[in-house]
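In case you want the letters, here they are:
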Amino acid sequence: MTVLLTTFLLSSFSPAGETPFQVTYIANAGFLIEAGESKVLVDALFSDQSIQYAHVPSGETLEKMAAAEPPFDNVDLILVTHRHRDHFEAGLVAGFLASSPETILVAPPQAVESLEDVEGLGARVRSIHPDLHGFETVTEAGIQVKAYRLSHSAYMETDPVTGEERNRHEGVQNLVYVVELAGRRFLHTGDAVFSQSLELFENGLFHKVDLDVVFVEFFDWSEETARVFKAWMTPDHIVFMHRPREQDQIDAIEARLQERFPQAVLFLEPMEVRGF
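Definitions and cut-offs
- Residues numbered from 1 in each chain as written.
- Predicted model: local features only at pLDDT ≥ 70, side-chain atom pairs only at ≥ 80, totals over all residues.
- Heavy atoms only, no water.
- Axes fitted to C-alpha atoms, helices over the stretch in contact; angles between N-to-C directions.
- Helix = DSSP H or I, 4+ residues; strand = E, 2+ residues; numbered from the N terminus.
- Parallel < 35°, antiparallel > 145°, perpendicular 65-115°, else oblique.
- Contact = heavy atoms within 4.5 Å.
- Nonpolar A, V, L, I, M, F, W, Y, C, P; charged D, E, K, R; others polar.
- Pairing = 2+ DSSP bridges.
- Buried < 20%, exposed > 50% of the residue type's maximum accessible area, 1.4 Å probe, protein only.
- Arc of directions from axis to C-beta.
- Polar contact = N/O pair within 3.5 Å; in protein donor to acceptor, adjacent residues only side chain to side chain.

### Here we look at the packing of helix H2 (residues 59-67) against helix H3 (residues 90-99)
Here is step 1: Where H2 contacts H3, the axes come no closer than 6 Å and their chain directions differ by 50 degrees. The orientation of H2 relative to H3 falls into the category oblique. Across the interface between the two elements, Leu62, Met65, Ala66 and Ala67 of H2 pack against Leu92, Gly95, Phe96 and Ser99 of H3.
Here is step 2: Class assignment for the residues of the contact of H2 with H3 results in six nonpolar, two polar and no charged.

What follows is the structure, given as structure tokens:
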């Protein structure tokens, strides 16, 4: 990881006059992003310890989130990209909202439906469901959020009845968020893969924007994705999330990843904090 860490150390400071991002890696695709007085928590509230392919929040971290204790105090927004168990857990989200009464939740309908029986949420929950490759813009807690709907990364399997190949994730509502905090912007893809959603960019539906940080799937490092970054986003930093636990799997592609994405960043351990 020496090359990636060196890249981070050389480029982790914001240009003079800009408000820095402070990013805390929670687990898997879960992050706490702070800028100025604003805090946004994305895809961090889950606890399934049976997950073996990625990090899961520790017991200590889960207790702090449940109680909205530092660094999870004064969170303005919780963003949920989709309802899969490694991104979202209804009970934990409901508990956080109870402990942090000023926090607003933004999520796709499939996740919001899991909270229908929780009393007292009301206007604090915002359900967003644009058409595929479309977007919706909302402003909550003074934070502008543009939510694009992109397909979840494909997971092909054989139907045991028909014998046909099917995409198990075809019906998943997955949102990609572009968020502006204190004049800076980040993008979080959830489980979308840009190379599988090129229509969004080729049809001009994604409005070209300079981004400070992009959070993208660990395995989304194709040439098509590199072209998306160059033509539509020009991110200063690309955080590769959903990373495997095993260091040897990361080491296997580190050199190729760094060659294609010089601005690549990999967080090493849960609750690691970096500035951008």
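### Considering the sheet that holds strand E6 (residues 125-127)
Within a sheet, adjacent strands bond to each other through the backbone by hydrogen bonds, running parallel or antiparallel.
Here is step 1: Pairing is mixed across the open sheet formed by seven strands, whose spatial order is E6-E5-E4-E3-E2-E1-E16. Edge positions in the open sheet fall to E6 and strand E16 (273-275), since each of these has one partner strand only. Shown here is a sheet whose adjacent strand axes are inclined to one another by a mean of 20 degrees, direction ignored.
Here is step 2: In this structure, strand E5 (residues 104-107) lies alongside E6, joined through three bridges in parallel fashion. Among the inter-strand pairings, Ala107 is bridged to a residue of E6, identified as Ser127.

### So, unusual backbone geometry
Here is step 1: For the bond from Pro70 to Pro71, the omega torsion is 5 degrees, close enough to zero to count as cis.
Here is step 2: Among the structural elements, Pro71 can be located in the loop between H2 and strand E4 (77-79).
Here is step 3: Look at Asp43: it is not a glycine, yet its phi comes out positive at around 55 degrees.
Here is step 4: Looking at where Asp43 falls in the secondary structure, it is placed in the loop between strand E3 (38-42) and H2.
Here is step 5: Of note, the phi angle at Ala68 is positive, near 55 degrees, even though the residue is not glycine.

### Observations concerning H2
Here is step 1: For H2, every residue scored as buried is listed here: Thr61, Leu62 and Met65. Within H2, the buried residues cover an arc of 100 degrees as seen down the axis, which keeps them to one side. Turned more than 90 degrees away from the buried face of H2, the exposed residues are Glu60 and Glu63.

### A look at the environment of Gly275
Here is step 1: By the element assignment, Gly275 lies in strand E16.
Here is step 2: With 18 residues separating them in the primary sequence, Gly275 and Leu257 have C-alpha atoms 21 Å apart.

### Side note on the environment of Asp86
Here is step 1: Mapped onto the elements of the fold, Asp86 is located in the loop between E4 and H3.
Here is step 2: Residue contacts for Asp86: discarding those within four places in its chain leaves Asn28, Asp43, Phe46, Ile51, Tyr53 and His242.
Here is step 3: A distance of 3.0 Å separates a polar atom in the side chain of Asp86 from a polar atom in the side chain of Tyr53.

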